[in-house]
Number of protein chains: 4
Amino acid sequence: MMKDVQNLADPRNIDIDQVGIRDIVYPIVVRDRDKGSQHTVATISMSVNLPHNFKGTHMSRFVEILHKHQADIGTDTIKDLLEDMRTSLTAQESHIELAFKYFIEKRAPVSGQSSLMDYDCEFSSTLSDSRHDLVMTVSVPVLSLCPCSKEISEYGAHNQRSTVRISIRCKKIVWIEEIVAYAESSASSPIYALLKREDEKFITERSYENPVFVEDIVRNVTQLLDKDSRITWFEVSSSNMESIHNHNAWARVVHKKV
Amino acid sequence: MMKDVQNLADPRNIDIDQVGIRDIVYPIVVRDRDKGSQHTVATISMSVNLPHNFKGTHMSRFVEILHKHQADIGTDTIKDLLEDMRTSLTAQESHIELAFKYFIEKRAPVSGQSSLMDYDCEFSSTLSDSRHDLVMTVSVPVLSLCPCSKEISEYGAHNQRSTVRISIRCKKIVWIEEIVAYAESSASSPIYALLKREDEKFITERSYENPVFVEDIVRNVTQLLDKDSRITWFEVSSSNMESIHNHNAWARVVHKKV
Amino acid sequence: MMKDVQNLADPRNIDIDQVGIRDIVYPIVVRDRDKGSQHTVATISMSVNLPHNFKGTHMSRFVEILHKHQADIGTDTIKDLLEDMRTSLTAQESHIELAFKYFIEKRAPVSGQSSLMDYDCEFSSTLSDSRHDLVMTVSVPVLSLCPCSKEISEYGAHNQRSTVRISIRCKKIVWIEEIVAYAESSASSPIYALLKREDEKFITERSYENPVFVEDIVRNVTQLLDKDSRITWFEVSSSNMESIHNHNAWARVVHKKV
Amino acid sequence: MMKDVQNLADPRNIDIDQVGIRDIVYPIVVRDRDKGSQHTVATISMSVNLPHNFKGTHMSRFVEILHKHQADIGTDTIKDLLEDMRTSLTAQESHIELAFKYFIEKRAPVSGQSSLMDYDCEFSSTLSDSRHDLVMTVSVPVLSLCPCSKEISEYGAHNQRSTVRISIRCKKIVWIEEIVAYAESSASSPIYALLKREDEKFITERSYENPVFVEDIVRNVTQLLDKDSRITWFEVSSSNMESIHNHNAWARVVHKKV
């Protein structure tokens, strides 16, 4: 019989906070507010703690558990996956991070034409005896138009694609679609994959009427998230790909509610 | 009525080889040899030629066509998509590039345990009056063990993950799964997402018995593709993430058959 | 004495087009038009051909040659480096690709304040008995403002950062700084790392007065490069990070002069 | 005179934790233990806090300060840069993050041949009235050979390139070169850009004699950093690019010393 090297004792007396696998790419099915479920592809990291007296963990079990759960990933089902990790690897604490593209069907504002917009989403979750923690992050591309540029110029105003990144902890379910709406209403305009000329006119004018600094975007989102009583903690940042520079403007607010 | 700026005449007398959209991310459904179809996510570029007398193309039509075709992408259906582009944009030539993850269920060599391996795939295709061209590219991660290191050392041999990248043109259908098999049989060993200890022993010993230089990998693949009469042109390269260096060893062969 | 496995004969009768090292990162010193030289960091690939009768190349010699030449990299000195590769590896043909950041000091248009802008540059060069080929590529970030959006809207116009990528072959030396100037004069406005308010006003208004489609940018560059008799071949593309979409508009022209 | 929109009052009563610029690329000169200084290229983010009563910060000042300090970046000079940010932007707290390649000349273990190895480094630093905090991070590529694979196999053992990432806070200066040495001595073997055959034999045998799990690497580093009394806090992780999988094995330990 083969020796189980991982199960040997380790003399160094050092607990390992996290050990596992990183950057495995797997197809997953995630919960979708409107369609029930949606197929996508995730980059995933999974880990557990390892007490000082064990030499190694059993890496293959992470993949077995992922393979079993990949067809139903949601903020509500992730706890079962983490519980399986704790049991299978006899660990006190288990962690998972999933990063994936999520698609939402959107209608252009005037023509009503349909297309899909892609959003970068992440679930980061930890389970221990005493608690289950889940942070959901959604990155939302929007349009920002500079108030200073508008104010000081005879005509025009520089504008650009920005990415509003929102992470939340919550006590009741909050959908990805709701986070997207918070971000879009805080910028100069939402953006779309498909726009006809009447839509382009609408968005150009709308954004000129709604200039926002990167500071305004994060403050507008903060006001909305502060008011949402389901959310207990959040971090919001915005990165504006300044059209007049080769670098980005950026701002960030973190709020923990009491 | 709004002016159609794109349709204005252009005085510079310069034909544009390609104009369109790049790096749009969309969910697609691709043909799968074993399961019929498979859901994945693609990064896509689409373009057409633009004669010198037109000022601009109509960018929104690319997205309309993509939205219509995304549910059935295969080496056989891509021609319809390209034909739609030519018609909708009144162009002589249309191009599309799709890059996506493709998953294949594999069984570990001894334990037989199942898991999914991810492969980077690309379709690059052009349609004009006179021809339809399609290049399919598959990148296959494998294990390579160095023959020199084995030969000169008392014990052991450095080995590493390598990526074998194969592009083909063909006159009859060749499946992604067949390209993967060609690459895997040309290296020291295939690799897997899930391996139990008996599998790890098997692969360690197998790779030690089959040392290959990066040059051997591309020559082994070349021999196989030369013999496959469905394939009319190919390019094969291998990039070995040398475990003794912080850079890669790399080799490349291109063959055009008469 | 250790066996030289690489020098063994190979029975497969397959020439290898290119074999070498990829993605080694090294500090280099490049020629600078204004300051004489400039320190930067490059990602480098080097390769040679390998005749069918040799089993393998000698990878360490690439690094020896790079280490020897890294302190003087220019379009004129690269030929010596390639000649060293041919000699040291007894090859007919040698290739090198270097990708690096290049910095140019720029003054803001009104305030005159100085800062450095970064440009992605690449040298790709091949030497054989019969020819020396060198392609220089420079990617230039600029501002583009949409003519259609300006035309159809009551006020404002969507604009964004764009990257103009120009590759050239030439018979007399052309400086990176000249390629940057060609790209910047073909867009709605150059961009800068450091702008005070008076500069921001200037650029906002200037870009509104000079709207360009992605098609216009590549045509404008094409006109300039067509006229420059030092340049014998070029490829120009522009990628506009559309502020109203989450994807890019893109166009490309290739000209080979007779 | 132009209106200073940024200086307007803001009614939303929301403090902004950080606002500034991100991902600006600039040439810098960093302190080098052996040569005094070294030229490299950095990707940099800079930010300050913004009290609730101000509408916006003045982005151009970040670039002015960076331009002034870029020629002398070290763990000791970074405090002056942060102080300049606090003063120029009238902020309580200033932050900077710099990520750059750092090169160390290394001699091959047997042949003694010289070459440069590249290491990813980061400085992340914060200054407020009450404290100055600096975290230095160094990522060190090494070779790891699997103890389990060696134990259960008749011959050979899978091995791979791994990246050991070490972040430290310290009360006395610790050089990048010392962190690299800690990481290299904790793995199966250091790795090099340039190795002759006698070196390859040495490293192959040495790594076979020193098998380490990813857990062993982080524990070995932990033992060394625990003993170094200059270091007050550290985080160490290792990511092994498993040659038998297409994903990585990973482990992490964080220690705060009392």
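Scroll up for the structure.
In this text, all values refer to a predicted model and were calculated from it rather than measured experimentally.

**Student:** What am I meant to see in the interface of chain C and chain B here?
**Tutor:** By a widely used convention, the size of an interface equals the accessible area lost when the partners come together. Each partner contributes residues to the interface: chain C has 49 residues there, and chain B has 49 residues. For the pairing of chain C and chain B, the buried interface totals around 4200 Å² over both sides, and the portion due to carbon and sulfur atoms is 56%. Three residues stand out in chain C for area buried against chain B, namely C:Arg12, C:Arg219 and C:Trp250, and they jointly supply 19% of the buried area on that side. At the boundary of chain C and chain B, one finds six salt bridges. The residue C:Arg12 makes a salt bridge to B:Asp216 at a minimum N-O spacing of 2.5 Å. Here chain C and chain B share 28 residue pairs in polar contact (both at pLDDT 80 or more) between them. Counting only elements with at least two residues in the side of chain C that touches chain B, the list comes to strand 1 (16–32), strand 2 (36–50), helix 3 (147–152), helix 6 (214–227) and strand 9 (248–256) of chain C.

**Student:** Explain the relation of the copies chain C and chain B to me, please; I cannot follow it from the model alone.
**Tutor:** Between the two copies of the chain lies a relationship made up of a rotation around an axis and a movement along it. Mapping chain C onto chain B leaves a residual RMSD of 0.0 Å; the transformation is a rotation of 180° accompanied by 0.0 Å of translation along its axis. Expressed as a symmetry operation, the mapping of one chain copy onto the other fits a two-fold axis. An overlap of 100% is found between the interface residues of chain C and their copies at the interface of chain B, pointing to a shared contact surface.

**Student:** I tried to follow the pattern of salt bridges on my own but got confused; where do I start?
**Tutor:** When charged atoms on two side chains of opposite charge get close, those side chains can pair. Within the structure shown, the criterion is met by 84 salt bridges over all chains. In this structure, B:Glu64 and A:Lys196 form a salt bridge, with 3.2 Å as the shortest nitrogen-oxygen distance. In this pair, B:Glu64 sits in helix 1 (residues 60–69) while A:Lys196 sits in the loop between strand 7 (189–190) and helix 5 (197–209), so the two residues belong to two different chains. Residue A:Lys196 is classed as buried on the basis of its relative accessible area, which comes to 18%. The partner of B:Asp120 in a salt bridge is B:Lys101, and the shortest N-O contact between them spans 3.1 Å. You can see B:Asp120 sitting in strand 4 (residues 114–127) and its partner B:Lys101 sitting in strand 3 (residues 94–107), a full 19 residues away along the chain. Connected through salt bridges with shared partners, the residues A:Asp10, A:Arg12, A:Lys55, D:Asp216 and D:Arg219 form a single ionic network.

**Student:** Explain the interface of chain A and chain D to me, please; I cannot follow it from the model alone.
**Tutor:** Facing the 49 residues of chain A at the interface are 49 residues of chain D. Summed over both partners, the interface of chain A with chain D comes to about 4200 Å²; 56% of that surface belongs to carbon and sulfur atoms. Counting across the interface, chain A meets chain D through six salt bridges. Those elements that place two or more of their residues in the side of chain A that touches chain D are strand 1 (16–32), strand 2 (36–50), helix 3 (147–152), helix 6 (214–227) and strand 9 (248–256) of chain A. Per-element tally for the side of chain A that touches chain D: the top contributor is strand 1 of chain A, with nine residues. Across the side of chain A that touches chain D, the residue classes break down as 23 nonpolar, 13 polar and 13 charged.

Calculation rules
- Residues numbered from 1 in each chain as written.
- Chains lettered and ligands numbered in written order.
- Predicted model: local features only at pLDDT ≥ 70, side-chain atom pairs only at ≥ 80, totals over all residues.
- Heavy atoms only, no water.
- Contact = heavy atoms within 4.5 Å.
- Buried area = accessible area lost by both parts, 1.4 Å probe.
- Salt bridge = Lys/Arg side-chain N within 4 Å of Asp/Glu carboxyl O.
- Polar contact = N/O pair within 3.5 Å; in protein donor to acceptor, adjacent residues only side chain to side chain.
- Helix = DSSP H or I, 4+ residues; strand = E, 2+ residues; numbered from the N terminus.
- Least-squares fit on C-alpha atoms with pLDDT ≥ 70 in both.
- Buried < 20%, exposed > 50% of the residue type's maximum accessible area, 1.4 Å probe, protein only.
- Nonpolar A, V, L, I, M, F, W, Y, C, P; charged D, E, K, R; others polar.

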